[in-house]
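Per-entry structural report
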Amino acid sequence: MDKKILFSLRGVKKYFPLKKESVFQKEQLFVRANEDINIDIYQGETLGLVGESGCGKSTLGRTLLQLYPATEGEILYYGDDPTGENPVDLTKLSKEQIRKMRKDLQLIFQDPYSSLNPRMTVGQIISEGLRSHNIFEKHDEVSQAYTLDVMNKCGLAPYFVHRYPHQFSGGQRQRIGIARSVALKPKFIVADEPVSALDVSIQSQIINLLLDLKEQENLTYLFISHDLSVIKYISDRVGVMYLGHIVELTDTAKLFAHPMHPYTEALLEAIPTIDVENKKKIKILEGDIPSPVNPPVGCKFHTRCVYATDICREVMPAMLELEPGHFVACHHPLGMR
Ligand SMILES: Nc1ncnc2c1ncn2[C@@H]1O[C@H](COP(=O)(O)OP(=O)(O)O)[C@@H](O)[C@H]1O
Ligand code: SF4
Ligand SMILES: [Mg+2]
């Protein structure tokens, strides 16, 4: 398959300034949420992003969508250029240009309830987006029919159109959030922990809805989750994040069968087994995650890595393509020692 690039991230960095503790503090400190992110996202793929809480997944999704301004780097977007030769650098756009682009680049969050206006019906929530992006100028039969069609695609019954968000369960509210985004006919969606707040029994319904919509609507996803089993199920490729860096990136099957980064290996070993009979002791990743304000020098994982050597404590490993399409940032990649 000839893969077309939709996004190219080049040296993307996102730092949040920390409030100074006192007037005597001279040095400005930063939370280094994203460091030197270099990835391509292909049209039509689901790129999973996994890592422990606080490693910078949501920040990367939001920076990509220009909800946060990048501190450094380029975010090249090829979506509006069929030739693939003249991408737009989203970090260089004006507020107005970004506003226009917003329709194409959507975000689905963990808790859609906080973003659903409690005083608006489902129909109003969906049609408001359509009007604010000038997809339909007025509310008439055509826009009403379109809204019902989108609701149907998202598994929402027509009579829900006059109901309010509080009348729905968590899974149905997530469907409303998805319908509101999909109604705009976006090209790309960042799904940030979209099923993490839902019961396990509901999670697969929402994941399957997202997969169906992706096929029907030709979507590309950045799918963020701390849950490896969800990531394994939905993703074509997976990026593993640790303390603001992507440390491994490859096809889902390869990552789960042959992880090459020690952090990925540790994450996979930490997946709880449901093997109750065996009462196998669940291994957990040992050691605390260092602070992203004052991260370790060298490889950021060295404080917790069982394979660390002197070089790891001094030199930051570069991200290398060790096998075709398999990128790893480690001095001693697994399977290559
Ligand atoms: N708006 C913000 N202001 C300041 N710090 C932030 C902000 N958002 C995230 N952070 C910090 O950036 C780091 C990464 O956070 P986040 O991207 O939310 O991680 P994840 O989604 O992987 O849990 C954390 O240390 C978090 O506290
Ligand atoms: S570079 Fe060293 S410390 Fe870092 S993951 Fe590889 S072996 Fe471990
Ligand atoms: Mg998050």
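This structure is a prediction, so every number in the text was calculated from the model and none was measured. (Residues numbered from 1 in each chain as written. Chains lettered and ligands numbered in written order. Predicted model: local features only at pLDDT ≥ 70, side-chain atom pairs only at ≥ 80, totals over all residues. Heavy atoms only, no water.)

1. Some points on the sheet that holds strand S11 (residues 320-323)
- If you trace the 8 strands from one edge of the open sheet to the other, you get S6-S7-S8-S3-S9-S10-S12-S11, paired in mixed fashion. Every other strand in the sheet has two partners, leaving strand S6 (105-108) and S11 as the edge strands with one partner each. Ignoring which end each strand starts from, the neighbouring axes of this sheet average 25 degrees apart.
- Examined bridge by bridge, strand S3 (residues 46-50) and strand S9 (residues 237-242) share 4 bridges and lie parallel to one another. Within S9, the position partnered with Leu47 by the bridge is Arg237.
- Most of the contacts of helix H5 (residues 170-182) go to S6, to which it runs at about 175 degrees, and overall it touches S6 and strand S7 (188-192).
- Against the sheet, helix H6 (residues 200-217) touches S3, S6 and strand S8 (220-224), its axis set at about 160 degrees to S8. (Pairing = 2+ DSSP bridges. Helix = DSSP H or I, 4+ residues; strand = E, 2+ residues; numbered from the N terminus. Axes fitted to C-alpha atoms, helices over the stretch in contact; angles between N-to-C directions. Contact = heavy atoms within 4.5 Å.)

2. Some details on the site of ligand 2
- Near ligand 2 you find 13 residues, and of these Cys299, Cys305, Cys312, Cys330 and His331 are the closest.
- For the shell around ligand 2, the per-class residue count stands at 9 nonpolar, 4 polar and no charged. (Near = heavy atom within 4 Å. Nonpolar A, V, L, I, M, F, W, Y, C, P; charged D, E, K, R; others polar.)

3. Quick word on the sheet that holds strand S5 (residues 88-89)
- The strand order across the open sheet built from 4 strands is S2-S1-S4-S5, with neighbouring strands paired in antiparallel fashion. Two strands bound the open sheet, and with one partner strand each, they are strand S2 (30-42) and S5.
- In this structure, strand S1 (residues 5-17) lies alongside S2, joined through 9 bridges in antiparallel fashion. Residue pairing for S2: Lys14 is matched across the bridge by Asn34.
- Contacts between helix H1 (residues 57-64) and the sheet are confined to S1, S2 and strand S4 (72-77), with S1 contributing the most and set at about 120 degrees to the helix.

4. So, the domain arrangement of the protein
- By domain assignment, the protein separates into domain 1 (5-104 + 186-328) and domain 2 (105-185).
- For domain 1 and domain 2, the distance between their C-alpha centres works out to 28 Å.
- Each side of the interface is counted separately: domain 1 has 31 residues, and domain 2 has 20 residues.
- Taking both partners together, domain 1 and domain 2 bury about 2,300 Å²; carbon and sulfur atoms supply 64% of that area.
- The largest per-residue losses of area from domain 1 upon contact with domain 2 belong to Lys103, Pro186 and Leu209, which jointly make up 23% of the total buried on that side.
- The interface formed by domain 1 and domain 2 holds 2 salt bridges in total.
- Of the charged contacts, one joins Glu217 and Lys153 as a salt bridge, the two residues approaching to 3.0 Å between their closest N and O atoms.
- Counting across the interface, domain 1 meets domain 2 through 11 residue pairs in polar contact (both at pLDDT 80 or more).
- Per element, the largest residue contribution to the side of domain 1 that touches domain 2 is 8 residues, and it comes from H6.
- Residue composition of the side of domain 1 that touches domain 2, by class: 19 nonpolar, 3 polar and 9 charged. (Domains from an automatic or database assignment. Buried area = accessible area lost by both parts, 1.4 Å probe. Salt bridge = Lys/Arg side-chain N within 4 Å of Asp/Glu carboxyl O. Polar contact = N/O pair within 3.5 Å; in protein donor to acceptor, adjacent residues only side chain to side chain.)

5. Looking at unusual backbone geometry
- With a phi angle near 40 degrees, Asp36 is a residue other than glycine that sits in the positive phi range.
- On the secondary structure map, Asp36 appears in strand S2.
- Look at Glu193: it is not a glycine, yet its phi comes out positive at around 50 degrees.
- Mapped onto the secondary structure, Glu193 falls in the loop between S7 and H6.

6. Concerning the pattern of salt bridges
- Applying the stated criterion across every chain, the model contains 16 salt bridges.
- Across the pair Asp104 and Lys103 runs a salt bridge whose closest N-O atoms are separated by 3.3 Å.
- For Lys153, the salt bridge is made with Asp149, and the minimal N-O distance between the two is 3.9 Å. Taken together, the residues span about one helical turn, with Lys153 and Asp149 both in helix H4 (residues 141-153) at a distance of 4 residues.
- Its relative accessible area of 30% is what places Lys153 among the partly exposed residues.
- One salt-bridge network, held together by shared partners, links Asp149, Lys153, Lys185 and Glu217. (Buried < 20%, exposed > 50% of the residue type's maximum accessible area, 1.4 Å probe, protein only.)

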